[in-house]
Every structure is written in C-alpha cells, then in structure tokens.
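# Structure assessment
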Amino acid sequence: MIKKRWGLALVTAVVASLALSGCSPSTPESGGPVTLNYWDFLDPSQANPRSKALKENIANFEAANPDIKINLSVVSLGDMLNRLPQSAAAGQAPDVFKMFTPLVPQMAGAGVYSPLPDAASKVTDWLRPTDTLAGPDGKQVAVPYEYRTCALYYNQKILSQIGAATPTTYEEVVDVARKAAAAGFTGFGTGFSDTDNSAIISTFFNCFMTQVDQEIWTGDGQADFATKKGEEFGNFLSALRGAKALGSNVVSDTYGTVADGMASGTVAMAVLGTERAVSFASQNPDLKWTSLPKASTGDTTGTTIGWTLGIGSGSKHTEAAWKFIEYMTGPEAGAKMATGGEVPTRAATYKQPFFSTPEAKTVNDIAAYVKSNSKPRTYSNNWTSLATGLSQAGQKLTLNGTSGSEFIRSAQDAANKK
Amino acid sequence: MSTNSRTRTSSQTATPPTGIQASRRARKDRMVWLYVVPVTAVFLFVFVGPLIYTAWTALHETSYYQIGKFSGLNSFTKLFSDSDLPARIWTTLVFSLGALVIALPAGLLSALVLNNLHRFKRSVRSLFLLPWLMSQATAGTIWLWFLNPNYGPASAITKSLGFGPTDVFSSPNSALVAVTLMTAWWSYPQAMLLFLGALQTIPGELYESLKVDGGGIRHAFVNITLPHLRNTIVSVVVVLLMLYVQMVTIILVTTRGGPIGSTETLSMRVYNQMFDKFDLSGASATAILLFAVNIVLTLVAIRFRRKESL
C-alpha cells in the first residue's frame, strides 16, 4: 500500500515537472520554423473591414514566409496595459505587440520592449518623425503602424436645422453647441468615464495642448500643464457646461458612446480621432469632419497619435519579429489596411495602385490631413495616471461645478500623485 | 463513548505493545506525513508565500513589477496619511453591508420558496441560480447594457413612462447604489443554496407538531426555521461579507471606482493602484489592510459561532 502511494507521488512529481517544463519560454531562434506570439486588440474573426484586412495581412505574411507562423492573441488595450508588464517581468512577453502612441514610453519604462534591431534603422520613409517612440534611454522601441490625429466631427443636418455654420474657433463651437442643445441634441459630445482608459477626454486634451503649444511634462517627467494656455482647455469644457451643451451622461460617457451618439444623430459635434471618418461616412451621411477649431493661438495643429508595433522584451525571435513588423508596416500590408480605413505610416505605401482609386479618397485625405495638421509629441511614463486624472477632473467639473482652472490643476495633481 | 475509551485505555495499560506492534504504530504515524506534507506545501505555496511576498513588497520601493530597495513602513505611512482613505473604507462598508442586507433576505426568501415548492422545482431552482452562473464580468456587462442611458432597455422603459433616461452611473450616490444592487443580485443565489441545504435538514415533524398546536406560518418561521438556521445565517454573513469586501470585477466593468471615487472600495483601490498607477508597493500596503479587515470579520464570526455552541 505504501509502495503504491510512493509510486503515485513519484508519478505526480514527474507529471508536475513535465508540465512546468512545458511552461518555460521558447528556445532561441535557429534556422527552423518559428512561431511568433502577436498581441493585437483587433479580432480577425470579426466581419469589419479593419479585422478583415488584418486577417489577410497575417495570412499573406505567413504565405510569403513559410518558416514563420503568427500566433495571434486578441487582447484589449486595457488588458494589454495590465498584462504586458506582468508578462515581461515573467519573461513571457509576446514577440510582437501593438501599442497606442502615448503609452509607448510608459510601457518601455515597464521593461516591456526589446530594442529594435539594426535593420529597423534602414526604414526611413515614415511620414512623421519616429524619435518620440523611445524608451527611458532614448532608444527607439517601436515603429508607427497607423496614424491618426484629432478632427472636429459635426452633423450637417443638425447644424442646418439650427441655422449654424461650421464653427472654426472654440468660442464658435460653444455657441453652436448651445443652440444644438436648445434644440434637444447633445451640443458637444465628450465623456469623463475612465472605464475605457479615459480615451475620449485624453485624446482631445492631447491634441488641444499641441494647439496651444503647451508641453505636458517638464524634462524630468513632472506633469506641468496647469498654465494659462492649459487652462484654456478647462475653460472650454466649463463654457460648454455653462451652455448646457454637454451630454446629460457626460460623466459616464466613453469614446464609444459618443461615437455611437454621433452615428445615430443625437450628438451635434465632437472632437474624435480621424480613424472614425471612414466608419462615420458609411454609418451616417450627415456626418462631416473638418480641421480642429482654432485655439487662442490661432493654431489648428493637433497631435500625431495612432498605433505602433514593437518587439516584446526577452523575445527569442527578434529577427523574425522585425520581419513581421516590417511587412505589417510595409507597402503591401499598408495598402490592405487602408482598405479598412486605417492610415498607413510609410511613404512607399502610397505608391500602391489602391491609393490612385476613388475608394482611397478618404484615406488619402486623412493621410494628407495628418501630415499637415499634426505633429508628434514626446510623452512621459505616466500617461495612464494623467488620463485617469483628466476623467476625474471632468467628473468634478460636472458634478461639483469646479472651474476650468480647477479642472486643469486637478488633472495635473493626479498625474503627479505618486 | 467514555466507557469504550476507558476499556481501551485499561487494555493498553494491561498489555504493553510488542516490538512488532510498536513498529507498526510508528509506521502508521509516519504515514500521517503523507497527508500532512502535500497539504502544508500547497497551503504554504498558495497562501503563506503570497502573503509574505505581499508584505515584503509593501516594505520596498517598486518600479512596475521590479522590487527596489527597502523602504520600511513608507507605503503604510502614505496609505494612512491619504485623505481619501476614510472615504474608501466608508465606501467599502456601505457597499458590503448594503449588498449583504439585500442578498441575505433575498437568498433566504428564495430558499424558502424553493423548499416549499412541489412542482417545477428544478426549473425554478435553475432560474434562481441564473445570476450566479454568470461570471461577474458578464453580469456587469449585461447591467451596463441594460442601464445604458442611450440604448438600454431600462431607459426605454423609464422614457415611455414619462421619466428621463436611466442615468445611474453619472452621479456618485446612484452609481454606488447601482453597483451594490448588481452585486447583491449576482451573489444572492450563493446564500440561497446554503439556506436551502440547511432548510432541508429541519425535521418535518416539528412543523407538523406546531400545526397540531395551532401555530401558523409566522410561528413556524420564528420558532422553528430561524433557530435552526442561526448557524447558517452566521456562515452566510461571513461568506458574503468576505466576497463583497474583495469584490472587484463588477465594479471594474461598470464604474472602475468612479464617478469621483464614489464606488472605489478598498479592493478596487488595490486594483487601480496596481494597474492604473503601477504602484505595486502601495497596492500591497492596501492589500494588507484589506486582509486585516477580512481577519477582523472572520474573528467576529468565529466569536458568534462559539457563543452559539455554548
């Protein structure tokens, strides 16, 4: 009986050790087949054009590189922010992953990235400078995969109904929003919910700070934007509140709910990313987009943002990973992703035949707009704290009636709170 | 029982064990370790180890998931000097006790209904269990959709009745009430199952005797059901309170602790410190505080149970 039990214990130990060895990281790359673990927020099984383009690009890459297989995991941005630092600390980071531009330095600070290989420096035709996609040591860790910036979206039908012209300054936006609100619409769509990483308010803030030429951080990474220029953003939100032009659910609204409101025709105006232009065009023909309204500086230039691709810390397949990144950001894949409405990042891509077709007009327009109306920003490693701080400051502005300057001070304090 | 032990003791005293018997007993005693060692190892690995590691982390500076130099009680000093902490503890108590006050009677009532049901018992039981069968994330998402002020069915109903849209997540008080109700809805089947098990152990003869004596339903509930359920009620209170104090997912999915921190319980604060601010040390200090709250609750419950057994 005892012998039997010891035998059982031995078998258990052997099984456990085999299971544990199965969990260990993959072996370094040799000449044989390689499987790359790739994290993306897009689900290729979905029927939308972006997902379809991603699926086709991966399939085409695998066909062109039979020794490299792509193991795609669909991970939302929120989950990525949690899981990437953990997986990197455990030596289990994906070989390649997508990341939102403002979060690249934060993830680099968390040790999530491997440095880009030397081959990366040979690609030089990025439409916008890439030196801001760097880690704490200043070395570039990611390359742009897709570009976007902010634009003013408006519902032409609502504006015509209230007899308003397209606003060109933020003061005019408040006036038009007031009239639209009086007519029963949400005058200006934004949201202070932090359930989606405060996407809408942080994106708008990011672009607005570029418009008023306000740096967000000092050289040592301290948030420092509660200035006269920074206050202009808070004052704009405060003026919208005074005009009763913000949505009744602004505290709990997200990027998604505002976009849904635009598409369904209940929101008159909103500042959103240019990536929405293609989907809005198909969802509601009354929706138009134009450049950002002028700030006090008279500037309409927002911030270049978008998605990037980088190599995970500790990847054993950096060469194959770069090959994949190079393909995904290259002309062939770029043309495919443009059919899904995304704006490719390399000049060479725009020489593909697709960009001469009428279907490419919107993407070409957005690409030209991004090039002329946005510039990249250098970020610090606390974007998530800043974004949450902006949401909470917005909630206080709505629920506690705080002023524009209190809004900006509160967001700055939240970003600096250790 | 006492006679048998005495007999055994006297026989053992009378005949001292032989060498073979002694070696058998020693072998038997050694075999106990076969059972004790794996359990102890698992306990150390899944409970004591992480607890020590959490305390260790709280005593060090951290950068993301890297542990830096020893910082003493800095994290705890920061935690207890945070002006938001009393509000977070208050939110935790309101949320936990609020959900308990709803889930406990709801669980008991559903258990009573199920216990007295003679037809469609399985179907009704499945129906009552439905919320608990969902993951917390699914439950939160469903409620988020249901209460959405723009397209949620709740809004459609309130609008058709002439009220405005359901805008529960936009105000601090209504958001806290909403997450509390959702949590109670999701968790009451757990109480129901425990109560149902206890109800089925009450002898039917007691109810019959009371009926013969002219007692009604109220008398049966107060004089038979409740006394028999007293221990179970204490257990349910402990189980549910621990669940609520540690609850994260439903709050995360619906409000993430907002608006203005009104739904940020201590557990939610741990999550936000960890995954929003990447403050591992601060999150560990809050987690230790949370652990202390749980210990207090458990000790209170043990005290109740002891009183019961006296």
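Residues numbered from 1 in each chain as written. Chains lettered and ligands numbered in written order. Predicted model: local features only at pLDDT ≥ 70, side-chain atom pairs only at ≥ 80, totals over all residues.

## A closer look at the overall build of chain A
Looking only at helices and strands, one finds 15 helices and 11 strands in chain A. Relative to the compact-globule value of 22 Å for 418 residues, chain A shows a C-alpha radius of gyration of 24 Å, a close match. Principal-axis analysis of the C-alpha atoms places the extent of chain A at approximately 85 × 55 × 45 Å. Put simply, chain A has 418 residues, and 52% of those count as buried. Considering only contacts within chain A whose residues lie at least 6 apart along the sequence, 76% involve residues at least 24 apart. (Helix = DSSP H or I, 4+ residues; strand = E, 2+ residues; numbered from the N terminus. Rg over C-alpha atoms; globule rule 2.2 N^0.38 Å. Buried ≥ 20, exposed ≤ 12 C-beta atoms within 10 Å, placed from the backbone. Contact = placed C-beta atoms within 7 Å.)

## Remarks on the overall build of chain B
Across its full length, chain B holds 13 helices and two strands. Taking 310 residues into account, the globule formula puts the C-alpha radius of gyration at 19 Å, and chain B, at 26 Å, lies well above it. Its C-alpha atoms give chain B principal-axis dimensions of about 85 × 70 × 30 Å. For chain B, with 310 residues in total, the buried portion stands at 30%. Contacts spanning at least 24 positions in sequence make up 66% of the contacts within chain B whose residues lie at least 6 apart.

## Thoughts on the sheet that holds strand 7 (residues 267–273) of chain A
Residue and element names in this part refer to chain A. The four strands lie next to each other as 6-7-5-8, forming an open sheet whose pairing is mixed. Each edge of the sheet is formed by a strand with only one pairing partner; in this case those strands are strand 6 (186–189) and strand 8 (287–290). If you compare each strand with its neighbour and ignore which way they point, the axes differ by 20° on average. Bridging between strand 5 (residues 150–155) and strand 8 involves four bridges; their strand directions are antiparallel. By the bridge assignment, Tyr 153 is partnered in strand 8 with Trp 289. Sitting on the sheet, helix 9 (residues 255–264) touches strand 5, strand 6, strand 7 and strand 8, and the angle it makes with strand 7 is about 130°. Sitting on the sheet, helix 10 (residues 276–283) touches strand 5, strand 7 and strand 8, and the angle it makes with strand 5 is about 15°. (Pairing = 2+ DSSP bridges. Axes fitted to C-alpha atoms, helices over the stretch in contact; angles between N-to-C directions.)

## Looking at the pairing of strand 5 of chain A
Residue and element names in this part refer to chain A. Burial of strand 5 is extensive: six of the six residues sit out of reach of the surface. Residues of strand 5 alternate between two faces, with Cys 150, Leu 152 and Tyr 154 on one and Ala 151, Tyr 153 and Asn 155 on the opposite face, all of them buried. Of the pairings in the sheet, the one linking strand 5 to strand 7 comprises five bridges and is antiparallel in character. Considered in strand 7, the bridge of Cys 150 is made with Gly 273.

## Concerning the sheet that holds strand 3 (residues 96–100) of chain A
Residue and element names in this part refer to chain A. An order of 2-1-3-10-4 is seen for the five strands of this open sheet, with the pairing classed as mixed. In the strand order of this sheet, the two ends are held by strand 2 (68–74) and strand 4 (142–148), each with one partner. Sheet twist, expressed as the average angle between the axes of neighbouring strands with direction ignored, equals 25°.

## Points about the interface of chain B and chain A
Taken together, the contact pairs 20 residues of chain B with 26 residues of chain A. Partitioning the side of chain B that touches chain A into residue classes produces 11 nonpolar, five polar and four charged. (Nonpolar A, V, L, I, M, F, W, Y, C, P; charged D, E, K, R; others polar.)

## Let's talk about the domain arrangement of chain B
It is common to give the size of an interface as the accessible area lost on bringing the parts into contact. All names here are of chain B. Looking at the assigned domains, one finds that chain B contains domain 1 (18–74) and domain 2 (78–309). Centre-to-centre separation of domain 1 and domain 2, based on C-alpha positions: 33 Å. Taken together, the contact pairs 10 residues of domain 1 with eight residues of domain 2. For the side of domain 1 that touches domain 2, the leading source of residues is helix 2 (residues 19–58), giving four residues. (Domains from an automatic or database assignment.)

## Observations concerning the environment of Ala 184 of chain B
Tracing the backbone through its elements, the reader meets Ala 184 of chain B in helix 8 (residues 172–199). Residues within four places of Ala 184 of chain B in sequence aside, it is in contact with Ala 99, Ile 102, Ala 103 and Ala 106 of chain B.

## Comments concerning the packing of helix 5 (residues 121–133) of chain B against helix 8 of chain B
A pair of packed helices can be characterised by two numbers: the angle between their axes and the separation between those axes. All names here are of chain B. Contact geometry for helix 5 and helix 8: axes closest at 7 Å, N-to-C directions at 125°. Comparing the axis directions of helix 5 and helix 8 gives the class oblique. You can see that helix 5 and helix 8 cross each other, and the crossing is left-handed. On helix 8, the residues that touch Phe 128, Leu 129, Pro 131 and Trp 132 of helix 5 are Trp 185, Trp 186, Ser 187, Pro 189, Gln 190 and Met 192. Of the residues in the contact of helix 5 with helix 8, the class split is eight nonpolar, two polar and no charged. (Parallel < 35°, antiparallel > 145°, perpendicular 65-115°, else oblique. Left-handed = near helix turned anticlockwise from the far one by under 90°.)

## Some words on the nonpolar core
One finds Tyr 153, Ala 177, Met 269 and Phe 324 of chain A together with Phe 195 of chain B to be the most contacted residues of the largest nonpolar core, which totals 171 residues. The dominant element in this core, judged by the number of residues it contributes, is helix 8 of chain B, at 14 residues. When residues no more than four places from it in sequence are discounted, the contact partners of Ala 177 of chain A are Gly 187, Phe 188, Leu 240, Ala 243, Ala 245, Ala 268 and Met 269 of chain A. (Core = buried A, V, L, I, M, F, W, Y, C linked by C-beta atoms within 7 Å.)

## Concerning the packing of helix 8 of chain B against helix 10 (residues 217–245) of chain B
Residues and elements named next belong to chain B. At a closest axis distance of 10 Å, the pairing of helix 8 and helix 10 adopts a crossing angle of 150°. With respect to each other, helix 8 and helix 10 are oriented roughly antiparallel. Relative to helix 10, the crossing made by helix 8 is right-handed. Across the interface between the two elements, Thr 183, Ser 187, Gln 190, Ala 191, Leu 194, Phe 195 and Ala 198 from helix 8 touch His 228, Leu 229, Thr 232, Ser 235, Val 236, Val 239, Leu 240, Leu 243 and Tyr 244 from helix 10. Of the residues assigned to the contact of helix 8 with helix 10, the class counts are 10 nonpolar, six polar and no charged.

## So, the domain arrangement of chain A
All names here are of chain A. Under the domain assignment used here, chain A contains domain 1 (36–147 + 305–375) and domain 2 (150–303 + 382–416). Taken over C-alpha atoms, the centre of domain 1 sits 27 Å from the centre of domain 2. With 16 residues of domain 1 at the interface, the matching set in domain 2 holds 18 residues. Classifying every residue of the side of domain 1 that touches domain 2 gives eight nonpolar, six polar and two charged.

## Considerations on unusual backbone geometry
Pro 259 of chain B follows Gly 258 of chain B through a cis peptide bond whose omega is -5°. Tracing the backbone shows Pro 259 of chain B in the loop between helix 11 (249–254) and helix 12 (266–275). Even without being glycine, Asp 213 of chain A reaches a positive phi, approximately 55°. The topology assignment puts Asp 213 of chain A in the loop between helix 7 (199–211) and helix 8 (228–242). Judged by the 11 C-beta atoms lying within 10 Å of it, Asp 213 of chain A is exposed. Of note in the backbone geometry, Arg 256 of chain B takes a positive phi value of approximately 55° without being a glycine. Secondary-structure assignment places Arg 256 of chain B in the loop between helix 11 and helix 12.

## Describing the confidence of the model for chain A
Any residue range with low pLDDT should be treated as having predicted coordinates unsuitable for detailed reading. Per-residue confidence for chain A gives a mean pLDDT of 90, with 93% of residues at or over 70. Predicted confidence for residues 1–29 of chain A stays below pLDDT 50, and this span has 13 contacts to residues more than four positions away or in other chains. (pLDDT = per-residue confidence, 0-100.)

## Side note on the confidence of the model for chain B
Residue and element names in this part refer to chain B. Averaged over all residues, the pLDDT of chain B is 87; the fraction at 70 or higher stands at 92%. When the elements of chain B are averaged for pLDDT, helix 1 (residues 2–14) gives the smallest value, 46, and helix 8 the largest, 95. Taken together, the chains of this predicted complex give a pTM of 0.82 and an interface ipTM of 0.74.

## Quick word on the environment of Val 173 of chain A
All names here are of chain A. Secondary-structure assignment places Val 173 in helix 6 (residues 170–182). Sequence separation of Val 173 and Phe 236 is 63 residues, and the distance between their C-alpha atoms is 9.3 Å. Those residues in contact with Val 173, other than ones at most four positions away along the chain, are Pro 167, Phe 188, Met 269 and Pro 293.

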